[in-house]
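Examination of the molecular architecture
Given next are the chains, with one letter for each unit.
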Amino acid sequence: MTKAARQEDVARFCRDPAVVMRLARLGSAHPTRLSFLRVLLRRLKTENWTFDRPVWEMDAKGVGRAVYRAIGPERTYSLVAFAHDLPDEMRSDRVIATAWDATFALFDGTPTSADLDRLQANVPLQEAGRVSPSELSLSRANRSVRLFDHVVTRLAAGQQPDQAELDKVGYLMRTTAVYGSGKFGAADRATVAWRPELSGPFQAEMLSVWLTRAFTVDLVEHLAAARGGAAAVRLDPALRRGLGVGNSTGLGMAPFLVRHPLLLNNWVLARETALARVRALPTASAEAIAGLKAAVDAARDNAGLWYSEHPLQVPKLKALRNDLDKIADRLHTWPNGDLPWDRLWLWGESALSLEGQEALLSAMLEPHGALIDDLAKGMSADEASGFSLNGAMTINEVRQHLGERYGWAMKYDFSAAENIDKFWYVSEEKLEPRLGQRFTEEGAGLEQPLDTARMAVAMAKALEGWQGDAPLAAFLRAHPEHRLIARRLQQAVCHPYMEIQDNLIGHDMLPIDILRCKLAFFGASRFDPRSDRWVRISLFQGLPFPEELAKEGAA
Amino acid sequence: MMTIETAGPALSFSEIEALATKSARGAGFCWGMAEETAFATAWLERFGLRGLDLLLARLSGQDQNATPAIAEICPLMLGTELADFARLPGGLLDVGKAELVVACPAMILPFLCAIAKRDDCAFAVSWRGARLTVTNTGPVAIEEEAGIATPYAEKITIVQLAPAAAPIPDDRLGPLPRPRALPPSLLKALDRFAQRTYVPASEQSRAGAGGSGSDNQ
């Protein structure tokens with residue numbers, strides 16, 4: 001079969017954007033082997049990166065600094081970590097916090113002592129300081145106080161911590177922001193995106209968090225030794241493995257997905273193409289079958305350890321656990337005919353909840369690295385390329401594209417209060433992104449442009465009466481207020497997965513659905529909502545530490 | 001008496017775009033035009049043409065004197081129109097040239113570059129004290145530059161040229177220049193516009209984000 005014919009064959013298995021881009025499904029996303037942290041670890045392993053810790057200057061209270069290096073074939077990156085003595089009452093995960101348990105920067109190369117001094121003066125201040133183009137990322141983390149103290153106390157006494165306690169939290173520290181791409185003076189993405197190791201999305205941020213994970217363990221061991229002296233022990237590697245780095249995420253991530261539509265499209269397209277390639281397979285090899293079963297087992301273990309008390313998550317977890325049982329059961333009589341993967345998928349679509357379907361997707365991708373890992377290369381985006389508006393497009397064409405790409409928006413009546421119940425805005429307080437209630441709060445006049453559905457409907461209305469062969473340029477000259485949505489519409493023509501096909505200002509919109517979509521692409525495996533707009537997750541749980549990477553099997 | 005201002009921070013290009021978007025919006029531009037402003041400002045900064053200074057001049061003009069006459073010579077509006085209408089009958093590429101009066105004339109250049117990129121051509125641009133060529137990669141062959149950064153309204157002449165050689169692909173342009181250290185007074189002035197886009201703090205507002213429960217667990 002020719003390559004073109006093969007691609008066409010695969011294309012028919014691609015899911016419709018109208019199915020994929022719904023918030024409820026995006027909010028049920030699971031990490032896959034195309035998630036960014038998996039892409040990072042695969043590269044670090046295949047390129048034989050080495051790791052060391054040239055600086056460790058910590059006092060007995062766990063205050064000081066450290067440097068962790070990742071040394072690649074061409075370049076070196078260093079996590080510079082500062083540990084602080086944070087009073088409990090100052091601990092906050094929100095953007096409005098002003099002090100943290102630990103602060104970090106990812107340095108481009110190996111920092112000199114002058115670099116370390118400069119970073120010491122700025123990094124602990126986070127947004128109130130400045131970093132330079134020598135830094136790729138700026139972040140901070142807070143302790144999970146109860147677990148952190150438990151682990152230090154046990155290790156100091158020569159004992160290991162309680163497995164159940166570890167499982168309940170899953171991390172010693174959690175990041176509360178990881179900034180990259182030019183924020184606060186850090187290097188612009190364009191200056192480093194040409195480097196293969198940084199060309200994929202969020203690779204610098206993932207590297208920073210992975211090295212932070214090692215730091216969190218080193219810190220508890222250090223404090224245990226300071227407290228217990230010769231009696232103290234190190235953390236058992238098997239227990240250590242189950243610890244990730246937590247992350248506490250709020251509304252800031254949500255505008256990101258709307259403001260970077262080409263990027264979102266490319267992430268989703270890669271994943272959907274991967275699923276389509278698997279579904280198009282004529283048979284299932286013994287190896288792939290075993291791989292699928294192992295992936296489903298791992299998913300069941302994960303679901304067993306996944307802990308959340310939140311009323312939004314509890315029923316989803318129940319549905320997921322039931323569905324994973326159903327999938328395991330189904331596999332007893334599978335494969336069962338030609339196009340076995342497609343048969344399994346179609347069964348899943350009819351029999352499983354959204355959580356179950358998306359978990360099945362992840363499991364189906366897992367044994368097919370050779371078939372799909374190349375798709376990771378397509379997950380970044382040249383956002384500048386889609387910016388320039390084509391004024392010569394006719395009104396007829398605009399109407400056609402509105403129907404094809406924004407037809408889903410036309411069902412909303414935006415004169416109804418429940419459809420405009422919320423508004424997104426930026427607070428004066430540390431520029432924290434927030435979600436307001438339009439009819440009971442101040443500030444709706446300063447609304448951020450996340451109301452894509454409403455904008456599409458408004459443009460469709462404003463186009464009424466315009467001649468079909470008139471150019472878009474003329475319409476926009478008369479109505480510049482539609483320029484933003486007109487640009488999105490033109491981008492959407494070639495980017496079918498770029499738009500979240502739900503009303504983002506409606507009363508029943510759940511911001512955590514948007515957050516989970518992005519976090520699943522990062523590689524987060526357990527989602528614990530703390531409200532409808534705040535979620536805690538863990539990254540790198542169960543995955544190797546730097547010194548274990550070389551000995552691991554393929555990632 | 002002359003005061004010398006100590007250099008302030010060097011904003012990344014990403015920060016320049018964010019500041020330009022917010023200050024344009026704060027000055028009253030719609031979001032779509034604020035996006036165009038960010039594109040144009042970052043482009044100018046990238047080529048050492050002081051986009052942020054020009055932006056401040058443009059926004060201050062708008063703020064103090066919001067008459068139609070000012071809007072008519074807005075380089076951002078005229079630049080987007082040039083780009084929007086370029087391929088249409090009567091547009092820049094159809095006629096092959098254009099003459100217009102515009103304030104902060106350098107702010108037109110990024111839009112000409114966008115047209116050059118999309119339509120594979122180049123432009124000779126001149127106004128009093130400035131003469132240069134704009135290709136798909138940026139401003140080249142700057143023959144006169146004393147008046148390049150003027151905030152005043154000037155009559156500019158644009159003539160389409162055929163590209164002399166094959167356009168240079170973007171990915172071989174080389175690394176971005178290191179951003180320049182900016183005068184704090186400039187940042188403060190632009191920030192005053194940007195601040196208008198933030199909602200003031202309040203107890204109710206503070207409750208509009210974050211999670212329930214303590215972070216001390």
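Overview of the structure.

About the cut-offs
- Residues numbered from 1 in each chain as written.
- Chains lettered and ligands numbered in written order.
- Predicted model: local features only at pLDDT ≥ 70, side-chain atom pairs only at ≥ 80, totals over all residues.
- Heavy atoms only, no water.
- Helix = DSSP H or I, 4+ residues; strand = E, 2+ residues; numbered from the N terminus.
- Buried < 20%, exposed > 50% of the residue type's maximum accessible area, 1.4 Å probe, protein only.
- Contact = heavy atoms within 4.5 Å.
- Areas by Shrake-Rupley, 256 points an atom, 1.4 Å probe, with all protein chains shown as cover.
- Lys, Arg positive; Asp, Glu negative; His and termini not counted.
- Charge placed at Lys NZ, Arg CZ, Asp CG, Glu CD.
- Phe/Tyr/Trp six-rings, centres within 6.5 Å; stacked < 30°, edge-to-face > 60°.
- 1 Å grid on protein atoms, 1.4 Å probe; cavity = no way out; pocket = protein on both sides within 12 Å on 5 of 7 lines; lining within 4 Å.
- Points joined across faces, edges and corners; volume = space filled by probe spheres on them.
- Nonpolar A, V, L, I, M, F, W, Y, C, P; charged D, E, K, R; others polar.
- Pairing = 2+ DSSP bridges.
- Axes fitted to C-alpha atoms, helices over the stretch in contact; angles between N-to-C directions.
- Core = buried A, V, L, I, M, F, W, Y, C linked by side-chain atoms within 4.5 Å.
- Buried area = accessible area lost by both parts, 1.4 Å probe.
- Salt bridge = Lys/Arg side-chain N within 4 Å of Asp/Glu carboxyl O.
- Polar contact = N/O pair within 3.5 Å; in protein donor to acceptor, adjacent residues only side chain to side chain.

What about the overall build of chain B?
- Along chain B, the regular secondary structure elements total nine helices and five strands.
- Start at the N end of chain B and walk to the C end: the helices and strands fall as α-α-α-α-α-α-β-α-β-β-β-β-α-α.
- Here chain B holds 217 residues, and 49% of them are scored as buried.
- Relative to all contacts within chain B whose residues are 6 or more apart in sequence, the contacts with residues 24 or more apart total 69%.
- A total accessible area of about 10100 Å² is found for chain B, and carbon and sulfur atoms account for 55% of it.

With respect to the overall build of chain A
- Within chain A, the regular secondary structure consists of 24 helices and eleven strands.
- If one aligns the C-alpha atoms of chain A with their principal axes, the spans along those axes are about 85 × 60 × 45 Å.
- The buried share among the 555 residues of chain A stands at 60%.
- In chain A, of all internal contacts separated by at least 6 residues, the share reaching a separation of at least 24 is 74%.
- Of the side-chain charges in chain A, 67 are positive and 70 negative, and the distance between the mean point of each set is 2 Å.

Some thoughts on the packing of aromatic side chains
Residue and element names in this part refer to chain A.
- Inspection of the entire model under this criterion finds 24 aromatic pairs over all chains.
- Relative to F202, the ring of F36 has its centre 5.9 Å away and its plane inclined at 20°; by these criteria the two rings are stacked. Of this pair, F36 sits in helix α4 (residues 36-46) while F202 sits in the loop between α9 (196-199) and α10 (203-228), and the two are 166 residues apart along the sequence.
- The buried category is assigned to F202, whose relative accessible area is 15%.

As for the layout of surface pockets
All names here are of chain A.
- By volume, the second largest pocket is sized at about 1100 Å³.
- Together, 42 residues line the second largest pocket, and R38, A298, E366, Q541 and L543 are the ones closest to its centre.
- Elements that contribute at least two residues to the lining of the second largest pocket include exactly α4, α14 (286-305), α15 (314-330) and α17 (354-365).
- Sorting elements by how many residues they give to the lining of the second largest pocket places α14 first, with nine residues.
- Of the residues belonging to the lining of the second largest pocket, the class tally is 21 nonpolar, twelve polar and nine charged.

Some remarks on the pairing of strand β9 (residues 433-437) of chain A
- Of all five residues in β9(A), four are buried, a share of seventy percent or more.
- Count of turn residues in the strand β8 (residues 422-426) of chain A/β9(A) antiparallel hairpin: six residues, of which A:K430 carries a positive phi of about 55°.

Notes on the sheet that holds strand β11 (residues 534-539) of chain A
Residue and element names in this part refer to chain A.
- With mixed pairing, the nine strands of this open sheet are ordered in space as β1-β2-β3-β4-β5-β6-β7-β11-β10. Edge strands, defined here as strands with exactly one partner in the open sheet, are β1 (50-58) and β10 (527-531). In this sheet, adjacent strand axes meet at a mean angle of 25° when their direction is disregarded.
- Pairing of strand β4 (residues 102-108) with strand β5 (residues 135-143), which is carried by six bridges, proceeds in the antiparallel orientation. In the sheet register, T103 faces β5, and the bridge partner there is R140.
- On top of the sheet, helix α5 (residues 113-122) reaches β1, β2 (64-71), β3 (76-83), β4 and β5; it is set at about 45° to β3, its chief contact.
- Against the sheet, helix α23 (residues 511-522) contacts β7 (244-249), β10 and β11, and its axis sits at roughly 10° relative to β11.

Re the nonpolar core
- In terms of nonpolar packing, the biggest core is built from 153 residues, with A:F215, A:W267 and A:W424 touching the most fellow members.
- The leading source of residues in this core is α10(A), at 13 residues.
- Of all hydrophobic cores here, the second largest spans 61 residues; its members include B:C30, B:A42, B:M107 and B:A116.

So, the interface of chain B and chain A
- Tallying the contact residues gives 44 residues for chain B and 63 residues for chain A.
- Counting the surface lost from both chain B and chain A, the interface buries some 4300 Å², and carbon and sulfur atoms represent 50% of this.
- Across the chain B-chain A interface, the total number found is six salt bridges.
- Of the charged contacts, one joins B:E36 and A:R487 as a salt bridge, the two residues approaching to 2.9 Å between their closest N and O atoms.
- Remark: the boundary between chain B and chain A carries 18 residue pairs in polar contact (both at pLDDT 80 or more).

Note that all results are geometric; they support no functional claim without further evidence.
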